[in-house]
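# Fold and contact review
So the chains spell out like this:
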Amino acid sequence: MTADAAKKLEEFFNAFAGGATPLLLLDYDGTLAPFRLDRFLARPWAGVREVLTRIERQGRTRMVVITGRPAHEIAPLLGIDPPLEVWGLHGAERLLPDGQRELEQASFAAREMLDKLRAMLKCDSLGGLFEDKANGVVMHWRGASPRKARLIEQKTRALFEPLAGANGLALLEFEAGVELRVGCDKGGAVAAILREAGADAQVAWPVAYLGDDLTDEAAFRAVNNIGPHGLSVLMRRQWHETEADVWLRPPVELRGFLEKWLLAARHC
Ligand SMILES: [Mg+2]
């Protein structure tokens, strides 16, 4: 870790003080859990569920998961009881711990376009793994050979790119795939959470966002905008170009970060 990153982390945890509810915003895949080809097997790294449970039981922190997955997939994998609030579909969906669910509505034209793509990709998934989401279509090539991945990507881009930019549809790139979708992104989700907490300008309590992928960069920027109380953390094994303040490697540094959080939040 660079000296600047270590200083930023130290200052962040030193700022935990009485009267504030710190906000811990977490991506799931790649951040709290290692990738699995079968995503329904992606459980958190050893010890992570336990320390998150301790943070929850401590009762000082508001924790929210912000994921590209449909929101309902998180609770069974994370295994925390009561479940955490989850913003799914990169922020277009919100699932509260009591089961209430909100889904951003797409225009008729966008839904019609997505339905056509779904029908096509269900018949021919272009060699990749097609995922059907409520607000978009996703093509994954994780696990494919580099040559095969390039082919899948080329075919998918040829299909998706001409449609992006119209009817609210946008292309969302991630590490081993691409999504054509409508709705709020992870940056929008963070902004909405902060607005709701009454803090869209200068935040006076600690807010951290942990993420691993390109789709988390919008959330990093949203957290970076709030000033000295915001901390953006790139949580991944290999470094990549990022706007995050700090780079940490899971699982050891993830557990270390959460343990520090638990200790710091005692002062809140
Ligand atoms: Mg991720």
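Up top is the structure.
Residues numbered from 1 in each chain as written. Predicted model: local features only at pLDDT ≥ 70, side-chain atom pairs only at ≥ 80, totals over all residues. Heavy atoms only, no water.

## Some thoughts on the packing of aromatic side chains
Here the structure, examined in full by the defined rule, presents nine aromatic pairs. Between F12 and W261 the ring centres are 5.9 Å apart and the planes differ by 45°, which places this aromatic pair in the tilted class. With F12 in helix 1 (residues 3–14) and W261 in helix 8 (residues 252–265), this pair connects stretches of sequence that are 249 residues apart. Ring geometry for F257 versus W261: centroids 6.1 Å apart, planes at 45°, classification tilted. On the criterion of helical spacing, the pair formed by F257 and W261 is a turn pair, its members being four residues apart in helix 8. W261 matches F257 in its accessibility class, with the two residues each being buried. Here a set of aromatic residues connected by ring pairs shows up, and it is made of F12, F13, F16, F257 and W261. In this structure, R142 packs its charged tip against the face of F35, placed 3.7 Å from the ring centre. (Phe/Tyr/Trp six-rings, centres within 6.5 Å; stacked < 30°, edge-to-face > 60°. Helix = DSSP H or I, 4+ residues; strand = E, 2+ residues; numbered from the N terminus. Buried < 20%, exposed > 50% of the residue type's maximum accessible area, 1.4 Å probe, protein only. Lys NZ or Arg CZ within 6 Å of the ring centre and 35° of its normal.)

## Describing the coordination of the magnesium ion
Here the magnesium ion is held by D27 (OD), D29 (O) and D212 (OD), and the distances to it run 2.1 to 2.2 Å. Of note, the donors binding the magnesium ion are all from one chain and are spaced D-x1-D-x182-D. Within this pair, whereas D27 is found in the loop between strand 1 (23–26) and helix 2 (48–58), its partner D212 is found in the loop between strand 10 (207–211) and helix 7 (217–224), the two being separated by 185 residues in sequence. According to the relative accessible area criterion, D212 is buried, its value standing at 2%. (Donors = N, O, S within 2.8 Å, 3.2 Å for Na, K, Ca; no water.)

## What about the sheet that holds strand 1?
Read across the open sheet, the eight strands follow the order 5-4-3-2-1-10-11-12; overall the sheet is mixed. Both edges of this open sheet fall to strand 5 (101–103) and strand 12 (246–248), since each of them pairs with a single strand only. Put simply, the sheet's adjacent strands are angled 20° from each other on average, direction ignored. (Pairing = 2+ DSSP bridges. Axes fitted to C-alpha atoms, helices over the stretch in contact; angles between N-to-C directions.)

## Regarding the pattern of salt bridges
Enumeration over the complete set of coordinates arrives at 24 salt bridges. Of the charged contacts in the structure, one is a salt bridge between R62 and E196, with a shortest N-O distance of 3.8 Å. Of this pair, R62 sits in strand 2 (residues 62–66) while E196 sits in helix 6 (residues 186–196), and the two are 134 residues apart along the sequence. For E196, a relative accessible area of 49% gives the class partly exposed. Measuring nitrogen to oxygen at the nearest pair gives 2.8 Å for the salt bridge that ties D216 to K186. (Salt bridge = Lys/Arg side-chain N within 4 Å of Asp/Glu carboxyl O.)

## Remarks on the pairing of strand 1
Burial along strand 1 is two-sided: the face carrying L23 and L25 and the face carrying L24 and L26 are both buried. As paired strands, strand 1 and strand 2 are joined by four bridges and run parallel to one another. Paired with L26 across the bridge in strand 2 is V65. As a crossover connection, the stretch from strand 1 through helix 2 into strand 2 is right-handed. Of the pairings in the sheet, the one linking strand 1 to strand 10 comprises four bridges and is parallel in character. By the bridge assignment for strand 10, L24 is matched with A208. (Right-handed = clockwise from strand over helix to strand, strands pointing away.)

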